Amino acid sequence: MSNFSRYNTSMATVTSPQLLTAEEEGTWRAFARSSRLLFTQLERDLSRDAGMAPGAYELLGILSEAPGRAMRMNELAEATLTSPSRITHAVERLVDLGWVERTSCPSDRRGWLAVLTDAGQAALATTAPRLIEHLRAHLFDGLSKDDAAELRRICESILTRLPGGAAAGGCPGA
């Protein structure tokens, strides 16, 4: 038997996934497009109105909720679903702005902490009302309270089936 025949035979036992229905396809496309457009618009709005990217806002927000406003860099990478090298670059940009300091970890000299500064806390406090305004305009104002609750339920259901989704504690504020 040739290598090709063995390959062909083994491939014949693989089952094809069931195609999406027209309704499922439409749902997927609407979800994917609306998610991309929402985050793109939020990035434009925050950059224009507050000079801050949503990623920076997310980092500052996570640090503001951490004990002592500090978090190990690897934990920060996990919390943002980012690689350690990306988080290092992102934190360096925040250090350059004076919003975060990097300090060595007292319990592990090889580890580093990202620490939110008072200036970072002030930047977060200044930006929060603008983000809330944009989230209302682009997301919540178009939803009823029942729609918003259903959207949250759906998102939490999706998170339970994704690697890292449940580990991240689901949706913040749950």
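Worth saying up front: this structure is predicted, and the values here are computed from it rather than measured.

Caption draft 1: Just unusual backbone geometry, in detail. Its identity as a non-glycine residue notwithstanding, Arg69 has a phi of 55°, on the positive side. The residue Arg69 is located in the loop between helix H3 (54-65) and strand S1 (70-72) in this model. Residue Arg69 is classed as partly exposed on the basis of its relative accessible area, which comes to 23%. Its identity is not glycine, yet Leu81 carries a phi of approximately 55°, on the positive side.

Caption draft 2: Structural view of the confidence of the model for the protein chain. Per-residue confidence for the protein chain gives a mean pLDDT of 87; residues scoring 70 or more make up 87%. Below pLDDT 50 for its whole length, residues 168-174 participates in eight contacts with residues either more than four positions away or in separate chains.

Caption draft 3: Region of the structure containing the layout of surface pockets. Looking at the second largest pocket, its volume works out to about 380 Å³. Forming the walls of the second largest pocket are 17 residues, and the residues nearest its centre are Gly55, Ala56, Leu59, Ala90 and Arg93. Going through the elements one at a time, H3 and helix H5 (84-96) are the ones with two or more residues in the lining of the second largest pocket. Sort the elements by how many residues they give to the lining of the second largest pocket and H5 lands first, with six residues. Along the lines of polarity and charge, the residues of the lining of the second largest pocket split into nine nonpolar, five polar and three charged.

Caption draft 4: View of the pattern of salt bridges. Applying the stated criterion across every chain, the model contains nine salt bridges. Taking the shortest distance from any N to any O, the salt bridge between Arg29 and Glu25 comes out at 2.5 Å. Here Arg29 pairs with Glu25, and both are found in helix H2 (residues 22-50), just four residues apart, close to one helical turn. Look at Arg29 and you get exposed, because its relative accessible area is 55%. Because the salt bridges share partners, they merge into one network encompassing Asp45, Arg48, Asp49, Arg130 and Glu133.

Caption draft 5: Here's a closer look at the packing of H3 against H5. Where H3 meets H5, the closest approach of the two axes is 11 Å, and the angle between their N-to-C directions is 85°. As judged from the angle between their axes, H3 and H5 are roughly perpendicular. The segment H3 lies against H5, with Ala56, Leu59 and Leu60 engaging Ile87, Ala90 and Leu94. Tallied by class, residues from the contact of H3 with H5 come to six nonpolar, no polar and no charged.

The rules behind these values
Residues numbered from 1 in each chain as written. Predicted model: local features only at pLDDT ≥ 70, side-chain atom pairs only at ≥ 80, totals over all residues. Heavy atoms only, no water. Helix = DSSP H or I, 4+ residues; strand = E, 2+ residues; numbered from the N terminus. Buried < 20%, exposed > 50% of the residue type's maximum accessible area, 1.4 Å probe, protein only. pLDDT = per-residue confidence, 0-100. Contact = heavy atoms within 4.5 Å. 1 Å grid on protein atoms, 1.4 Å probe; cavity = no way out; pocket = protein on both sides within 12 Å on 5 of 7 lines; lining within 4 Å. Points joined across faces, edges and corners; volume = space filled by probe spheres on them. Nonpolar A, V, L, I, M, F, W, Y, C, P; charged D, E, K, R; others polar. Salt bridge = Lys/Arg side-chain N within 4 Å of Asp/Glu carboxyl O. Axes fitted to C-alpha atoms, helices over the stretch in contact; angles between N-to-C directions. Parallel < 35°, antiparallel > 145°, perpendicular 65-115°, else oblique.

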